[in-house]
Amino acid sequence: MVGALDILQWRDGKELIIDLIDFAIVYYVIHRTLLLIKGTRAVQILIGLVVVVGVFLLSKNDFMTLTTTHWLIDKFIVNFIVIVVILFQADVRRALAQFGRTSWFQATRSIEEAPVLEEVIKASVMLSQRKIGGLIAIERNATLNDITEEGIRIDAAVSKDLLFSLFLPEHQNPLHDGAVVIQKGRITAAGCFLPLTNSLKVEKTLGTRHRAAIGLSEDTDAAIIVVSEETGTVSVAYKEALYRELDANSMRDLLQRIFSPEDVEDSDTLLERFRQEDEE
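These remarks concern the structure in this document. It should be emphasised that the depicted structure is a prediction, and the values quoted were computed from it without experimental measurement. (Residues numbered from 1 in each chain as written. Predicted model: local features only at pLDDT ≥ 70, side-chain atom pairs only at ≥ 80, totals over all residues. Heavy atoms only, no water.)

### Some words on the overall build of the protein chain
So, step 1. In terms of regular secondary structure, the protein chain is built from twelve helices and seven strands.
So, step 2. In the protein chain, which comprises 280 residues, the share counted as buried stands at 39%.
So, step 3. The long-range share in the protein chain, meaning contacts at least 24 apart out of those at least 6 apart in sequence, stands at 63%.
So, step 4. Carbon and sulfur atoms make up 60% of the accessible area of the protein chain, which amounts to about 16,800 Å² in all. (Helix = DSSP H or I, 4+ residues; strand = E, 2+ residues; numbered from the N terminus. Buried < 20%, exposed > 50% of the residue type's maximum accessible area, 1.4 Å probe, protein only. Contact = heavy atoms within 4.5 Å. Areas by Shrake-Rupley, 256 points an atom, 1.4 Å probe, with all protein chains shown as cover.)

Next up, the structure:
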């Protein structure tokens with residue numbers, strides 16, 4: 001309590017300004033860090049690190065003296081910075097690349113409007129009927145800027161005709177092999193390459209598009225629509241799960257649940273219900 005009171009006792013206006021600047025810098029760093037990792041697997045790793053630190057503090061407490069546990073975690077914390085850099089290397093790289101590009105209070109989450117989802121659904125049906133392969137990633141909380149930087153930049157409204165034309169293989173279309181990325185209700189890039197999954201649980205019969213969709217769903221909370229050029233079936237990858245053989249109605253239902261304005265936990269509950277209904 002004394003320390004807190006000392007912080008509030010400034011001798012002059014200069015110290016007040018310095019303390020406010022100090023607080024603003026710490027707030028900005030924490031705020032931007034949470035926004036960058038929101039919706040990614042880095043959140044789970046961060047929670048694990050917080051638990052480790054909590055156990056470390058408890059093991060040192062006189063009430064719970066865990067000598068061996070404290071020694072082990074102490075050796076872990078010695079190399080804490082190196083471990084964090086290794087675990088969060090992709091997020092650190094993305095943070096350094098994006099630092100200063102966005103405003104202080106810019107939110108990364110974008111709830112897609114129903115008309116945007118409808119255009120995506122219609123385009124997927126058009127591609128499916130003609131057995132033209134397609135791959136569309138729709139951003140949620142986790143930013144996809146690192147994906148769009150390697151693609152062809154586009155800034156256009158989402159329409160079924162534009163999405164359909166981007167995947168046409170005729171006339172040597174250089175964009176049809178990559179993924180189209182939708183951010184904040186607009187098509188921002190095409191011809192993007194997504195990370196392939198390394199999971200051994202993925203069926204060997206799935207092609208590159210499906211593996212890329214699952215790979216991105218493992219790293220972010222984006223919804224990725226896949227249209228198979230062999231069978232014409234439509235699938236949606238979300239949070240490491242692949243929902244296959246969807247028609248227009250089931251695809252609409254699933255996307256509306258994913259982009260519902262509820263919290264992530266509520267969305268997960270809705271998705272579990274969707275999975276149960278699909279199995280029935």
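Anyway, onward from the coordinates.
### Remarks on a nonpolar patch on the surface
So, step 1. Taken together, the side chains of Ile17, Ile21, Ile25 and Val29 present a nonpolar region at the surface, about 370 Å² in accessible area.
So, step 2. Topologically, Val29 is positioned in helix α2 (residues 13-37). (Patch = residues over 30% accessible without salt bridge, like charges linked within 9 Å, V, L, I, M, F, W, Y side chains within 5 Å. Salt bridge = Lys/Arg side-chain N within 4 Å of Asp/Glu carboxyl O.)

### So, the sheet that holds strand β4 (residues 186-192)
So, step 1. Spatially, the seven strands line up as an open sheet ordered β2-β4-β3-β1-β5-β6-β7, and their pairing is mixed. Strands at the two margins of the open sheet, each flanked by one partner only, are β2 (152-157) and β7 (241-243). Strand after strand, the sheet turns through a mean of 20° between neighbouring axes, direction not considered.
So, step 2. Judged from the three bridges that link them, strand β1 (residues 134-138) and strand β3 (residues 179-183) form a sheet pairing that is parallel. By the bridge assignment, Ala137 is partnered in β3 with Val181.
So, step 3. The sheet strands contacting helix α7 (residues 114-129) are β1, β3, β5 (223-227) and β6 (234-238), and the helix crosses β5 at an angle near 20°.
So, step 4. In this fold helix α11 (residues 248-258) packs onto β5, β6 and β7, with an angle of close to 15° to the strand it touches most, β6. (Pairing = 2+ DSSP bridges. Axes fitted to C-alpha atoms, helices over the stretch in contact; angles between N-to-C directions.)

### Observations concerning the side chain of Thr220
So, step 1. Secondary-structure assignment places Thr220 in the loop between α10 (208-219) and β5.
So, step 2. Overall, Thr220 belongs to the buried group, its relative accessible area being 10%.
So, step 3. There is a polar contact of 3.3 Å between the side chain of Thr220 and the backbone nitrogen of Ala222. (Polar contact = N/O pair within 3.5 Å; in protein donor to acceptor, adjacent residues only side chain to side chain.)

### A word on α10
So, step 1. Taking 1.5 Å per residue as the helical rise, α10 with its twelve residues ought to reach 16 Å, and the 17 Å between its terminal C-alpha atoms agrees with that figure.
So, step 2. In terms of burial, α10 is a largely internal element, nine of the twelve residues being buried.
So, step 3. Along α10, the residues classified as buried are Arg209, His210, Ala212, Ala213, Ile214, Gly215, Leu216, Ser217 and Glu218.
So, step 4. Elements that come into contact with the buried residues of α10 comprise β1, α8 (145-148), β5, β6 and β7. (Expected span 1.5 Å × (residues − 1).)

### Some thoughts on the side chain of Arg209
So, step 1. Take Arg209: it is sitting in helix α10.
So, step 2. Residue classification places Arg209 among the buried positions, given a relative accessible area of 15%.
So, step 3. Ignoring sequence-local partners within four residues, the contact set of Arg209 consists of Gly133, Gly134, Leu135, His176, Asp177, Val226, Val227 and Glu229.

### Topic: the nonpolar core
So, step 1. Val120, Ile225, Met251 and Leu255 are the most contacted members of the largest nonpolar core, which has 36 residues in total.
So, step 2. Excluding residues that lie within four positions of it along the chain, Val120 makes contacts with Ile136, Ile138, Val158, Leu163, Ile182, Ile225 and Met251.
So, step 3. Ranked by size, the runner-up nonpolar core spans 16 residues in total, among them Leu144, Ala179, Ile224 and Val226. (Core = buried A, V, L, I, M, F, W, Y, C linked by side-chain atoms within 4.5 Å.)

### Notes on α11
Helical geometry note: an α-helix holds 3.6 residues per turn, so side chains three or four residues apart project in the same direction.
So, step 1. Listing the buried residues of α11 in full gives Ser250, Met251, Leu254, Leu255, Arg257 and Ile258. Each buried residue of α11 sits inside an arc of 160° when the element is viewed along its axis, so together they form one side. (Arc of directions from axis to C-beta.)

### Describing the pairing of β1
So, step 1. Across the five residues of β1, five count as buried, placing the element largely inside the fold.
So, step 2. Covered by surrounding structure in β1 are Gly134, Ile136 and Ile138 together with Leu135 and Ala137, the residues of both alternating faces.
So, step 3. Taken together, the five bridges between β1 and β5 define a ladder with antiparallel strand orientation. Bridged to Ile138 within β5 is Ala223.

### What to know about unusual backbone geometry
So, step 1. One non-glycine residue, Lys131, lies in the positive phi region at around 55°.
So, step 2. Checked against the element boundaries, Lys131 lands in the loop between α7 and β1.
So, step 3. The class for Lys131 is partly exposed, based on a relative accessible area of 46%.
So, step 4. A positive phi angle, near 55°, is found at Lys184, a position not held by glycine.

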